[in-house]
Amino acid sequence: MRLARRIVAASLLVPALAAFASQGSRTPAQPLQIGTTGVATVTPGLPVPAGAPCVVNLFQNLGVAEMSPSSYVYAPPSGCLGPWSKVILQVGVTESPDGSYEDATNAYIRLGNIPLFEGGLAMARQPTPASWQVERDVTDLAPLLIRAHKGQAGLVPEQTYWYNEMSVDATLSARLLFYPASSRTPASKTPDSVYPVTRNSLITLPHNIVRAYLDVYNARPWWFTCASDQEAYNSELPFFSSLAPGGAQQLGIFAPGQGCAGSSFEEILVRVDGVAAGIAPVFPALSADLNNYFPRTLNAPVQPPQMLNHVPYRVDLTPFAPYLNRTGKHRIELSLPANAYLLVYLDKGSTMVNGFVTVNTLNGERTLPLINDTVRKNGDSGTVRASTRLDHDFDIEGYMMTSRGRVDTSVHQISHFLNTQVFYFDGLQFPEYRHYQEHLWLASQTQQHSRRTRAGVVLQDDVVTASYPLQWFYDMDGYVFVSDEPEAVPSKGSISVEQHRNLDASYLKGGFGTYTSRVRDNFVSSHTRDLRVNQDRSWKSQAAYRFGDSQGSCYQSALTALNGAVSTEAQGVGCTDGQNRLRWHDHPDGSPDSLGWVH
């Protein structure tokens, strides 16, 4: 039976890593950032319960470099083994000062092979090190944190499209804050087990799973700028050139060719034992470096959404619990490389829960986008207009015979993806490569509606909508450097972007009413640079962040920057009395909300 559709309207600066702020009951606020040229953010810190937390320092001033991970050992907090109302991970990052050519880079922290944190470096390239702090709510990882584990921290290139020439190092610090439960801040109802998932994982699971979720780090750069293989390889137009956008770094004395092919579409298809079980949209992450000659183009100093702290997307796999409960190992596959982990809730009254998946319209649904393009050449110039589209509308339903009776589960997901690109090339004949232009308009929205009932009583009814619109206007002029082999060299670059990360959530838990929340994470930036003399103009950006929920929480922060320095800031605009107010159980960063605090 098809789901009844319920539609819902669609990091702080620190002078040193040792200066982790004390965390009590608070409304997170940022220090004054006007004049900052290093790293400035609008994302909120995470609210916490009242009282002093138990603190576990994972590592302090740990040096990480290139792709060689550093190890650490974790032990649970002595005398503070839970239950906990909330657990917060704080991560401090200090970049190395300006040096040689560097690839844009991601930092990561893993514990027991579970990804605790993933985020990009700001690539500040300043004479003095740039430092910042980010936070993650890791309460749902409580089953991991009750035992000792070995962990790793390291750096990896942010992209896999071009050759990576990393010469990057950074210093990381991390600690966990455990807030003991109290009558006013009760313990969260966390999952019973958590399992690491790579692109192709074989996992042995218990046989009494009643709920299952896959948290996927879904932020990836560059894919939205790529051309299709048909355009790139059959049109004879210079999609691959030193004028194209890309993250390739200098190799030898020649400027690297950039641009990418494949498709301007990405999504992460999840399969369980070979059967399509869910889809995560891919967030179009902006990169610190826009071209080999045009580094740190957009995030100086204000950061785009999810630049420094990637927030995972949650895929509801609960209807597939009957598959996961079968004996033997289970294969969980991701269609793209991504860090992920599986969270499961168990039936405490039974060691075996049987059931069936009764409906799965995703299995067999189209997974390749429709591409319509028009290629025109006119003498020394060429134009390509392309649209890449894929829509989904699928249902997955099933039931389980639990110790408390039959539970019916369903997920209905609808999504719309449309990426419209316009390329323009001038200089197809010698002297080549005078101009490269790519303008694009990306619309990506996914709504996941999950429902569980028992004997006609609603146990859970959640609707989560993620929307990732992006406008991108990239132009690069070039000239020919005449040597033994004439080479195109960028001379003036220009970029203008507008990006949004919109999240709307509605959670209904039987007997407790409906809780709604809303995130609006917005970024607008433009930048032009004369690359011959390294002069900037029209260099400005604005970032704004707003969170609100049905319980009266409100957070607002905005920054503007001119010529690489923060010029204005605002806090609390639109909130009651102009003050930011967050409750201890809020997820103002838009991270997955299991409502474990609702008892």
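Structure first, text after, so check above.
Residues numbered from 1 in each chain as written. Predicted model: local features only at pLDDT ≥ 70, side-chain atom pairs only at ≥ 80, totals over all residues. Heavy atoms only, no water.

A. Broad picture of unusual backbone geometry. With an omega dihedral of 5°, the bond running from Gly82 to Pro83 counts as a cis peptide bond. A cis amide bond, omega -5°, links Ala300 with the succeeding residue Pro301. The phi dihedral of Trp222 is positive, around 75°, even though this residue is not glycine. Looking at the secondary structure, you find Trp222 in the loop between strand E12 (219–221) and helix H2 (229–234). Judged by its relative accessible area of 1%, Trp222 falls in the buried class. The residue Asn534 is not glycine, and still its phi comes out positive at about 60°. With respect to the secondary-structure elements, Asn534 resides in the loop between strand E27 (514–530) and strand E28 (535–549). Exposure remark for Asn534: the relative accessible area of 55% places this residue in the exposed category. (Helix = DSSP H or I, 4+ residues; strand = E, 2+ residues; numbered from the N terminus. Buried < 20%, exposed > 50% of the residue type's maximum accessible area, 1.4 Å probe, protein only.)

B. Molecular detail of the state of the cysteines. Under the counting rule described, the total for this entry stands at three disulfides. Between the sulfur atoms of Cys226 and its disulfide mate Cys260 the distance is 2.0 Å. Across the disulfide from Cys226 to Cys260, rotation about the S-S bond amounts to roughly -100°, and the bridge is consequently left-handed. Of this pair, Cys226 sits in the loop between E12 and H2 while Cys260 sits in the loop between H2 and strand E13 (267–272), placing them 34 residues apart in sequence. Residue Cys554 pairs covalently with Cys575 via a disulfide, S to S 2.0 Å. Linking Cys554 and Cys575, the disulfide has an S-S dihedral of approximately -75° and is accordingly described as left-handed. One end of the pair, Cys554, is in strand E29 (residues 554–562); the other, Cys575, is in the segment after strand E30 (565–571), with 21 residues separating them in the sequence. Judged by relative accessible area, Cys575 falls into the buried class, the value being 7%. Counting only the cysteines that take part in disulfides, in the order they occur along the chain, gives the pairing 1-2, 3-4, 5-6. (Disulfide = S-S within 2.5 Å.)

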